[in-house]
Amino acid sequence: AQRVTQPEKLLSVFKGAPVELKCNYSYSGSPELFWYVQYSRQRLQLLLRHISRESIKGFTADLNKGETSFHLKKPFAQEEDSAMYYCALSGRGGSEKLVFGKGTKLTVNP
Amino acid sequence: GAGVSQSPRYKVAKRGQDVALRCDPISGHVSLFWYQQALGQGPEFLTYFQNEAQLDKSGLPSDRFFAERPEGSVSTLKIQRTQQEDSAVYLCASSLSREGTGTDTQYFGPGTRLTVL
């Protein structure tokens, strides 16, 4: 079964503190993993994908196949990082449906 | 350029009414997806088109839900005899669909918020 679990519904940190949003997945095979973000009053947009191995807005995520995790990390959170974050997976193909977690609402306090 | 657009942005329907939700994908995008997002949940897949062909409709919750993309561009999601449990945000996404390069980035529209009274 394909499943994405984000154990934290809400996460609150202070500006400048490190932040980690947890994501665990279940998939038979080798999925692609993504983090999508939705800022207030904006549409859902891709933040990063594991296959790119890049850092976006200071965020990184490492795929750990042994622990089936894809946690999102940032060493120093900023107020503008406050948003809803969704972890998602798909099969490896040209066009594959996304399976989303329930999301984590991150609040970065001043 | 223009992103994915959806209309209407908000729809209120009485239980039992039929509704039609429209999605205009990014020009040239071959693939189009519909997702349903209930309150407090992540988006859930409904159906997928490649050009005009509906290749996967496994996520449609009942036969009251019907989607089409007759000319391979604009898509319509129709819900017949709406029920209260159909209340949700309906998201449309499109992607280029380039084979062999990994899963393409899906670009999402703003969504249509459907409220069934």
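Right above here is the structure, for reference.
Not measured: the values here are computed from a predicted model.

Novice: Sorry, what's going on with the packing of aromatic side chains here?
Specialist: Centre distance and the angle of the planes are the two values used to describe a pair of aromatic rings. All names here are of chain B. Summed over the entire model, instances satisfying the criterion amount to 11 aromatic pairs over all chains. With a centroid separation of 4.8 Å and an interplanar angle of 20°, the aromatic rings of Phe-33 and Tyr-48 are classed as stacked. One end of the pair, Phe-33, is in strand β4 (residues 31–37); the other, Tyr-48, is in strand β5 (residues 44–50), with 15 residues separating them in the sequence. As far as the burial class goes, Phe-33 and Tyr-48 line up, both buried. Residues Tyr-35 and Phe-108 carry aromatic rings whose centres are separated by 5.6 Å and whose planes lie at 40° to one another, so their mutual orientation is tilted. With Tyr-35 in strand β4 and Phe-108 in strand β10 (residues 107–108), the pair connects residues that are 73 residues apart, well separated along the chain.

Novice: What exactly am I supposed to notice about the pattern of salt bridges here?
Specialist: A side chain of one charge can pair with a side chain of the opposite charge if their charged atoms are brought near each other. The full count for this structure, using the stated rule, is seven salt bridges over all chains. One salt bridge in this structure joins Asp-24 of chain B and Arg-22 of chain B, with 2.8 Å as the shortest N-O distance. Its salt-bridge partner being Asp-86 of chain B, residue Arg-64 of chain B comes within 2.8 Å of it at the nearest N-O pair. Here the residue Arg-64 of chain B occupies a position in the loop between β6 (53–56) and β7 (65–68), and Asp-86 of chain B occupies one in the loop between β8 (75–79) and β9 (88–95), the gap between them amounting to 22 residues. A residue is classified by how much of its surface remains accessible, and Asp-86 of chain B, at 3% relative accessible area, is buried. Where salt bridges share partners, they join Glu-20, Lys-22 and Lys-73 of chain A into one cluster.

Novice: Teacher, can you tell me more about the layout of surface pockets here?
Specialist: One water molecule sets the probe size; rolling that probe over the atoms shows where empty space is left. Its volume calculated, the largest pocket comes out at about 800 Å³. Forming the walls of the largest pocket are 30 residues, and the residues nearest its centre are Gln-38 of chain A together with Gln-37, Leu-39, Val-89 and Arg-113 of chain B. Those elements giving two or more residues to the lining of the largest pocket turn out to be β9 (83–90) of chain A together with β9 and β11 (112–116) of chain B. With four residues, the top contributor of residues to the lining of the largest pocket is β11 of chain B. Residue classes in the lining of the largest pocket are distributed as 12 nonpolar, 11 polar and seven charged. Approximately 250 Å³ is the volume attributed to the second largest pocket. Taken together, 14 residues line the second largest pocket, and the ones lying closest to its centre are Val-99 and Phe-100 of chain A together with Pro-43, Glu-44 and Phe-45 of chain B. Here the residues of the lining of the second largest pocket are counted per class, giving six nonpolar, five polar and three charged.

Novice: So what exactly am I meant to see when it comes to the side chain of Gln-36 of chain B here?
Specialist: All names here are of chain B. Along the chain, Gln-36 falls in strand β4. Taking relative accessible area as the criterion, Gln-36 reaches 16% and is therefore assigned buried. Side chain to side chain, Gln-36 and Tyr-90 meet in a polar contact 2.9 Å long. Beyond its immediate chain neighbours, meaning those up to four positions away, Gln-36 contacts Gly-42, Pro-43, Glu-44, Leu-46, Phe-65, Asp-86, Ala-88, Val-89 and Tyr-90.

Novice: Any chance you could explain the interface of chain B and chain A here in plain terms?
Specialist: Often the size quoted for an interface is simply the accessible area lost on bringing the parts together. Facing 26 residues of chain B, the contacting portion of chain A comprises 20 residues. Both sides of the chain B and chain A interface together cover about 1,800 Å² of buried area, and 48% of this is carbon and sulfur. Our count for the contact surface shared by chain B and chain A stands at zero salt bridges. Across the contact surface, chain B and chain A share six residue pairs in polar contact (both at pLDDT 80 or more). Within the residue set of the side of chain B that touches chain A, elements represented by two or more residues are β4 and β5 of chain B. It is β4 of chain B that provides the largest number of residues to the side of chain B that touches chain A, a total of four residues.

Parameters and conventions
- Residues numbered from 1 in each chain as written.
- Chains lettered and ligands numbered in written order.
- Predicted model: local features only at pLDDT ≥ 70, side-chain atom pairs only at ≥ 80, totals over all residues.
- Heavy atoms only, no water.
- Phe/Tyr/Trp six-rings, centres within 6.5 Å; stacked < 30°, edge-to-face > 60°.
- Helix = DSSP H or I, 4+ residues; strand = E, 2+ residues; numbered from the N terminus.
- Buried < 20%, exposed > 50% of the residue type's maximum accessible area, 1.4 Å probe, protein only.
- Salt bridge = Lys/Arg side-chain N within 4 Å of Asp/Glu carboxyl O.
- 1 Å grid on protein atoms, 1.4 Å probe; cavity = no way out; pocket = protein on both sides within 12 Å on 5 of 7 lines; lining within 4 Å.
- Points joined across faces, edges and corners; volume = space filled by probe spheres on them.
- Nonpolar A, V, L, I, M, F, W, Y, C, P; charged D, E, K, R; others polar.
- Polar contact = N/O pair within 3.5 Å; in protein donor to acceptor, adjacent residues only side chain to side chain.
- Contact = heavy atoms within 4.5 Å.
- Buried area = accessible area lost by both parts, 1.4 Å probe.

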